[in-house]
Amino acid sequence: MTPSEARAIAKEAYTYGFPLVDNYRIMFAYWIDKSSPEYKGSINTIQNSAHVYGPEDKAIQTPNSDTPYSFAWLDLRADPMVLTLPAVEKDRYYSVQLIDSYTYNFDYLGIRTTGNDGGSFLVAGPGWSGQAPHAIKKALRADTELVMAFYRTQLFNPGDIDNVRKIQAGYQVQPLSAFLGQSAPKAAPTIDFLKPLTAEEGEDLARIFQRLELRPSVLPTLPSEKPLMARFAKIGVGAGQTFDPGKLSPELKKAIEDGKADAWQGLADLQKLVDAGKVTSGDIFGTRQYLKNDYLYRFAGAVLGIYGNSKQEAMYPAYFADAGGQPLNASKGSYVLRFAKDQLPPVNAFWSLTIYSLPDRLLVANPLTRYLINSPMLPGLKRDADGGLTLYVQKDSPGADKESNWLPAPDGPFFAILRLYLPKQLALDGACKAPPLIVAPLQ
């Protein structure tokens, strides 16, 4: 094999493998490692997070603080799981995002897809051949045996938290056999969950490849990916392979490291298109069918904000640069985001603007303990003389008269995400881009 071929394969394998490995890292922290500060509980149980995410929450990049989360990591090998939802009032957004181990959003429950009347829904893995009972409203099929169910329940304001907790208490997760009152089937074999890479170690190419070698235990190879796996095997990556960079010639070892650099450069090139608005969050999150096996887009989704919603559920216009194209940095300037009168983001649920520090993409502590400004806060925000709305994004207070509209930024590099939940067709069609969504330097 020539160095150039090894380099190309390494780029493909790294681009393909990073989301799988990062998903595994989060799963391990949430459901396997009881010593982890992020530990939620055992697999096949639901865990409710009855607080708004803040700077102390570090497992998931770009968390939102609009919708307290509930989580369930489902092992579907022995028995499908039944998710039961309570009825929710019509003006409150809630959803259950179902994510397979490849990080594809394979389906949704909630107001948009199944309404607000609640009910019981079945989630089955690729090996199940049974029939859903009549009591099940809808059956959903995953491509992988391990699935994340990611719940979001809208919080209108801090005083609303008890109402959110009541809704969360109505979320139930149980095996199909328990739902039917039957004996449980034979348990699936125990999985030897190896300690994953840390976020920092995730950039180590050899260990990325080593984790891909373990994928058959939880990630079956789909027919569409068999040629890809055969290609990866040429450099010792995949089922039955042993990738050992120490046994490579200096030329091949360098070629594979260069392939890793090429993968990150590919992401950097895509980032430029994101910054220019030519690629949006709606392009990089969704089903496998929607993404058409575009592994660069899947890679971007994992790095820029893993577990992002499909665009029909939410859109995420992101701001990494100001109107002049300069990276956002609150130690060097202040910024405003202005919506003209009657030109607030077009949504059927709600919108929010959230600030994250760079490079970690996490929420940042600030004097107001305010991580976002959202549409439920509109009654408390000051309008411009012409009816428009100006938000101040900066590290220091813009003054007492403007503080209601101040979104504190970290003292350094940062970026912002404007979330649109249940975007209207106008947004889905791309007809509501800048200027209202442009972050501009404060003059």
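Structure: see above.
Bear in mind that the values here come from a model prediction, so they are computed numbers and not experimental data.

Student: Mind showing me how you'd approach the nonpolar core here?
Tutor: Across soluble globular proteins, nonpolar side chains show a tendency to be buried alongside one another. Counting 70 residues, the largest nonpolar core has Y16, Y30, F71, F209 and Y307 as the members making the most contacts within it. Considering each element in turn, this core owes the most residues, 16 residues, to helix α1 (residues 3-32). Ranked by size, the runner-up nonpolar core spans 24 residues in total, among them L353, V393, L407 and A416.

Student: So what exactly am I meant to see when it comes to the pattern of salt bridges here?
Tutor: Pairing between side chains becomes possible if they bear opposite charge and their charged atoms approach one another. Applying the stated criterion across every chain, the model contains 17 salt bridges. Of the charged contacts, one joins E5 and K234 as a salt bridge, the two residues approaching to 3.5 Å between their closest N and O atoms. Placement of the pair is E5 in helix α1 and K234 in the loop between α6 (226-233) and α7 (250-275), with a sequence separation of 229 residues. Close ionic contact of E12 with R231 constitutes a salt bridge, the shortest N to O distance being 2.3 Å. Placement of E12 in helix α1 and of R231 in helix α6 is noted, with a sequence separation of 219 residues between them. Using a relative accessible area of 27% as the deciding quantity, one classes R231 as partly exposed. Where salt bridges share partners, they join R7, K254, D258 and D262 into one cluster.

Student: It is not clear to me how empty space enclosed by the protein should be interpreted in this structure. Could you clarify?
Tutor: To find the voids left in a structure, one rolls a probe of water-molecule size over its atoms. Within the structure shown, the criterion is met by three cavities of 30 Å³ or more. Roughly 70 Å³ of internal volume is contained in the largest cavity. In terms of lining residues, the largest cavity is bounded by T103, N105, I284, F285, G286, L291, R298, G301, A302, Y307 and G308. Looking at which element gives the most residues to the lining of the largest cavity, the answer is helix α10 (residues 295-305), with three residues.

Student: Honestly, the sheet that holds strand β8 (residues 146-153) in this entry has me stumped. Any pointers?
Tutor: Strand pairing in a sheet relies on backbone hydrogen bonds, with the paired strands running either antiparallel or parallel. The strand order across the open sheet formed by five strands is β1-β2-β8-β4-β5, and the pairing between neighbours is antiparallel. Each edge of the sheet is formed by a strand with only one pairing partner; in this case those strands are β1 (46-48) and β5 (105-110). Each neighbouring strand pair of the sheet contributes to a mean axis angle of 20°, computed without reference to strand direction. Relative to β8, strand β4 (residues 94-100) runs antiparallel, the two being bridged by seven bridges. The residue of β8 that forms the bridge with Y94 is T153. Against the sheet, α1 engages β1, β2 (69-75) and β8, with an angle of about 105° to β2.

Student: Help me understand the packing of aromatic side chains in this model?
Tutor: In this description, a pair of aromatic rings is defined by centroid distance and the angle of the planes. Per the counting criterion, the structure on display carries 27 aromatic pairs. Ring centres of F350 and Y421 lie 4.6 Å apart, and the angle between their planes is 15°; this geometry places the pair in the stacked category. Pair noted here: F350 is in strand β13 (residues 347-357) and Y421 is in strand β17 (residues 414-423), with a separation of 71 residues, a long-range link. Its relative accessible area of 1% is what places F350 among the buried residues. Three or more aromatic residues joined by ring pairs make a cluster, and in this case those are Y30, Y53, Y69, F71, F150 and Y307. Here the basic side chain of R152 rests over the ring of F150, its NZ or CZ set 4.3 Å away from the ring centre. Sitting over the ring of F415, R361 keeps its end group 5.2 Å from the ring centre.

Rules used in this analysis
- Residues numbered from 1 in each chain as written.
- Predicted model: local features only at pLDDT ≥ 70, side-chain atom pairs only at ≥ 80, totals over all residues.
- Heavy atoms only, no water.
- Core = buried A, V, L, I, M, F, W, Y, C linked by side-chain atoms within 4.5 Å.
- Buried < 20%, exposed > 50% of the residue type's maximum accessible area, 1.4 Å probe, protein only.
- Helix = DSSP H or I, 4+ residues; strand = E, 2+ residues; numbered from the N terminus.
- Salt bridge = Lys/Arg side-chain N within 4 Å of Asp/Glu carboxyl O.
- 1 Å grid on protein atoms, 1.4 Å probe; cavity = no way out; pocket = protein on both sides within 12 Å on 5 of 7 lines; lining within 4 Å.
- Points joined across faces, edges and corners; volume = space filled by probe spheres on them.
- Pairing = 2+ DSSP bridges.
- Axes fitted to C-alpha atoms, helices over the stretch in contact; angles between N-to-C directions.
- Contact = heavy atoms within 4.5 Å.
- Phe/Tyr/Trp six-rings, centres within 6.5 Å; stacked < 30°, edge-to-face > 60°.
- Lys NZ or Arg CZ within 6 Å of the ring centre and 35° of its normal.

Treat this as a map of the structure, not an account of what it does.
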